[in-house]
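Geometric and topological summary
If you want the building blocks of each chain, they are given just below.
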Amino acid sequence: MIIVAKSGITESELVRLREELASLGFASHVRRQSQRVLVGCLGGDGGGGSAGADCIRTLPNVESVVPSSHPLLLAARALGPADHTSVVKIGPTCTVGDRQLLIIAGPCSVEGQAMLNDVASAVRDAGATALRGGVFKPRTSPYAFQGLGTAGLDMLAVTRAKTGLPIVSEVMDPRQVDLMSRYVDVLQVGARNMQNFSLLAEVGRSAKPVLLKRGPSATIREFLLAAEHILAQGNSDVILCERGIRTFETATRNTLDVSAVPVLKEQSHLPVIVDPSHACGRTSLVIPLARAAVAAGADGLMVEVHPSPETAQSDGEQSLRPAQFATLMRELRLVARAVRRDVPRKTLRRRAWKEPACAVV
Ligand code: PEP
Ligand code: MN
């Protein structure tokens, strides 16, 4: 169930309320939404029946209680206004969940400093607001390129200092979270790791925002519960990413579930972005799917861009060239305007990161 605390509740009153809940056998989690403090709580029976609600209603500093047997506490839209999306801050200048779309672009894998600098400048000039680049790569084959590892992290830090673009990169293992958190601005949890619960818990303890990709065979309920694992550890900065699911269709690499965007928005306050590149697996389909995602209400996109896709170490077949990415950004403006969103222009100033974030330790 969800408890709405009395307005103006102090920190110590909140601690006391949570102690009382604990003594009644309820686990509680706090969510701050605009001016309100919401306390999600689950009883020993795993639900939120009306008997528990009646008892909780009598506690000090409780304004109201919404009984719910919904398994989501912190990810749930719950009491928020229908169109409320939580805004997640990324680095010093970038956000997602507000009117301006988050546009993450860059190569599937970091392959070298020069190519990374070139792609980053090109996508920034076209309006991208964050740079992607994998250094720990989840590859189906153990013989395929596995990423540059920590050397790639140093390259990302150098490019960030040059371009001002915040960095999004995938973390594959709980043991990498600490190191990656010192380099990147967003920890990406890949589709294959969506239900790696120890990884979810570890990124949940990090102070960095988490981009959680939907598992190829995950239902929306499982996807949101995976987000709940991160939120339950105290990290409230979770961004959901629909990246296509496995279906019987073989014409595309995956099937982009466009309906997931409004469904997720109906059920959760978390920002939702779409990765059309992994969804379709083919360059020619990326632009139309990106337009569809924005039209469906996505808060942003993640797009793979490579200067010479034919020589890419991974996912060249679905990568846009920088010029194609610039076309996408131009075309998106019209779609975005129709749904009252803005596509960023090249507005980022170089700031904030003068040196590589830190040396490898
Ligand atoms: C990626 O972003 O490069 C990636 C591997 O994505 P996914 O986890 O969606 O397959
Ligand atoms: Mn990729």
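Just so it is clear, the model here is predicted, and its values are computed rather than measured. Every chain is numbered on its own, with residues counted from 1 as its sequence reads. Chains and ligands are labelled by the order in which they are written, letters from A for the one and numbers from 1 for the other. Totals for whole chains, interfaces and linings use every residue, but because this is a predicted model, local features are given only for residues with pLDDT of at least 70 and side-chain atom pairs only at 80 or more, for both listing and counting. Working from all heavy atoms in the structure, the side-chain values ignore hydrogens and water.

What to know about the overall build of the protein chain
Counted only if it meets this: Secondary structure elements follow DSSP: runs of H or I of four or more residues count as helices, runs of E of two or more count as strands, with numbering from the N terminus. We take the radius of gyration over the C-alpha atoms and set the globule estimate at 2.2 Å times the residue count to the 0.38 power. Think of it in three bands: residues with accessible area under 20% of the maximum for their type are buried, residues over 50% are exposed, and the middle band is partly exposed, with areas taken using a 1.4 Å probe on protein chains only. The contact rule is simple, with two residues in contact once any of their heavy atoms fall within 4.5 Å. To measure how exposed things are, a 1.4 Å probe is used in the Shrake-Rupley method; for residues, cover is taken only from the protein chains shown. When charges are counted, Lys and Arg are positive and Asp and Glu negative, with His and the chain ends excluded. All charge positions are set by atom: Lys at NZ, Arg at CZ, Asp at CG, Glu at CD.
Each helix and strand in the protein chain was counted, giving 11 helices and 14 strands. On C-alpha atoms alone, the protein chain measures out to a radius of gyration of 21 Å, which is about the 21 Å that the 2.2 N^0.38 rule sets for 361 residues. Buried residues in the protein chain amount to 54% of all 361 residues. A sequence separation of at least 24 residues applies to 70% of the contacts in the protein chain between residues at least 6 apart. If you sum the accessible surface of the protein chain, you get close to 15100 Å²; carbon and sulfur atoms cover 52% of it. The distance from the centre of the 42 positive side-chain charges to the centre of the 34 negative ones in the protein chain is 5 Å.

Here's the deal with the site of ligand 1
For clarity, the threshold we go by: When we say a residue is near a molecule or strand, we mean one of its heavy atoms is within 4 Å of it. For this analysis, a polar contact is any N or O atom pair within 3.5 Å, provided that within protein one partner can donate a hydrogen and the other can accept it, and provided that sequence-adjacent residues contribute only side-chain to side-chain pairs.
By nearness alone, 13 residues border ligand 1, and R132, A191, R192, K213 and R243 come closest of all. The contact in question runs from an oxygen atom of ligand 1 to an N or O atom on the side chain of Q188, over 3.0 Å. In this structure, an oxygen atom belonging to ligand 1 sits 3.0 Å away from a side-chain N or O atom of R192. Out of a free accessible area of 290 Å², ligand 1 has 98% covered by protein chains.

Quick notes on the coordination of the manganese ion (ligand 2)
For clarity, the threshold we go by: Note that water is not among the atoms used; donors are N, O and S atoms within 2.8 Å of the metal (3.2 Å for Na, K and Ca), so sites may look incomplete.
The coordination sphere of the manganese ion (ligand 2) contains the protein donors C108 (SG), H278 (NE2), E304 (OE) and D315 (OD), at a distance range of 2.0 to 2.4 Å. Site description for the manganese ion (ligand 2): donor spacing in sequence, C-x169-H-x25-E-x10-D. In this pair, E304 sits in strand β14 (residues 300-304) while D315 sits in the loop between β14 and α11 (322-338), placing the two residues 11 residues apart along the sequence. The buried category is assigned to E304, whose relative accessible area is 0%.

Observations regarding the layout of surface pockets
The cut-off we apply is this: Using protein atoms alone on a 1 Å grid, points that fit a 1.4 Å probe yet trap it form a cavity, whereas open point sets bounded by protein on both sides within 12 Å along at least five of seven lines form a pocket; residues with an atom within 4 Å of a point count as lining. Grid points are joined across faces, edges and corners, and a volume is the space filled by probe spheres set on the points. Gly is put with the polar residues, along with every residue not named as nonpolar or charged; the nonpolar set is Ala, Val, Leu, Ile, Met, Phe, Trp, Tyr, Cys and Pro, and the charged set is Asp, Glu, Lys and Arg.
Of the voids in this model, the largest pocket is the one considered here, and its volume is about 410 Å³. Looking at the largest pocket, it is lined by 18 residues, and the ones nearest its centre are V30, R31, R32, S236 and H269. A breakdown of the residues in the lining of the largest pocket according to their chemical character gives 6 nonpolar, 9 polar and 3 charged. By volume, the second largest pocket amounts to about 300 Å³.

What to know about the side chain of K213
On the secondary structure map, K213 appears in strand β11 (residues 210-213). Accessibility expressed as a relative area gives 4% for K213, which makes it buried. When neighbours within four sequence positions are excluded, K213 is seen to be in contact with Q188, V189, G190, A191, M194, F223, C241, R243, D275, H278 and M302.

Description of the pairing of strand β3 (residues 36-42)
Here is the rule: Being paired, for any two strands, means DSSP has found at least two bridges between them.
With 5 of 7 residues buried, β3 is to be regarded as a mostly interior element. Strand direction decides the pairing type here: strand β1 (residues 2-5) and β3, joined by 3 bridges, are antiparallel. Counted as the bridge partner of V4 is L38 from β3. Examined bridge by bridge, strand β2 (residues 27-33) and β3 share 7 bridges and lie antiparallel to one another. Within β3, the position partnered with R31 by the bridge is L38. Linking β2 to β3, which pair antiparallel, is a turn of 2 residues; within it S34 sits at a positive phi near 50 degrees.

What to know about the pattern of salt bridges
How we decide: Only one rule defines a salt bridge in this text: a Lys or Arg side-chain nitrogen within 4 Å of an Asp or Glu carboxyl oxygen.
Evaluated as defined, the whole model comprises 17 salt bridges. The salt bridge involving E202 is made with R205; its shortest N-O contact spans 3.0 Å. Residue E202 is classed as partly exposed on the basis of its relative accessible area, which comes to 29%. D257 is the partner of R214 in a salt bridge, and the nearest nitrogen-oxygen pair spans 2.9 Å. One end of the pair, R214, is in the loop between β11 and α7 (220-231); the other, D257, is in the loop between β12 (238-242) and α8 (260-267), with 43 residues separating them in the sequence. R214 sits in the buried class, given a relative accessible area of 4%.

With respect to the confidence of the model for the protein chain
Stated formally: Across the chain, each position has a pLDDT score giving the predictor's confidence in that residue, from 0 to 100.
Averaged over every residue, the pLDDT of the protein chain is 92; residues scoring 70 or more account for 92%. This model gives residues 355-361 a pLDDT under 50, and the stretch forms 15 contacts once residues within four places in sequence are excluded.

Describing the packing of helix α10 (residues 283-295) against α11
Here is the rule we go by: Note on geometry: axes are lines fitted to C-alpha atoms, helical ones only across the stretch in contact, with angles between N-to-C directions running from 0 to 180 degrees. Each angle receives one of four descriptions, namely roughly parallel if under 35 degrees, roughly antiparallel if over 145, roughly perpendicular if within 65 to 115, and oblique otherwise. A clockwise turn of the near helix away from the far one marks a right-handed crossing, whereas an anticlockwise turn of less than a right angle marks a left-handed crossing.
In the contact formed by α10 and α11, the axes pass within 9 Å of each other and the chain directions differ by 25 degrees. As summarised for this structure, α10 and α11 are arranged roughly parallel, according to the angle between their axes. Between α10 and α11 the crossing geometry is right-handed. Contact residues: T283, I287, A290, R291, V294 and A295 in α10; Q324, L328, E331, L332, V335 and A336 in α11. Along the lines of polarity and charge, the residues of the contact of α10 with α11 split into 8 nonpolar, 2 polar and 2 charged.

Considering the sheet that holds β3
One open sheet accounts for 4 strands, arranged β2-β3-β1-β4; its pairing is antiparallel. The sheet terminates laterally at β2 and β4 (62-66), the two strands that pair on one side only. Taking the axes of each pair of neighbouring strands and ignoring which way they run, one obtains an average angle of 25 degrees across the sheet. Against the sheet, helix α1 (residues 11-23) makes contact with β1, β2, β3 and β4, and its axis sits at roughly 150 degrees relative to β2, the strand it touches most.

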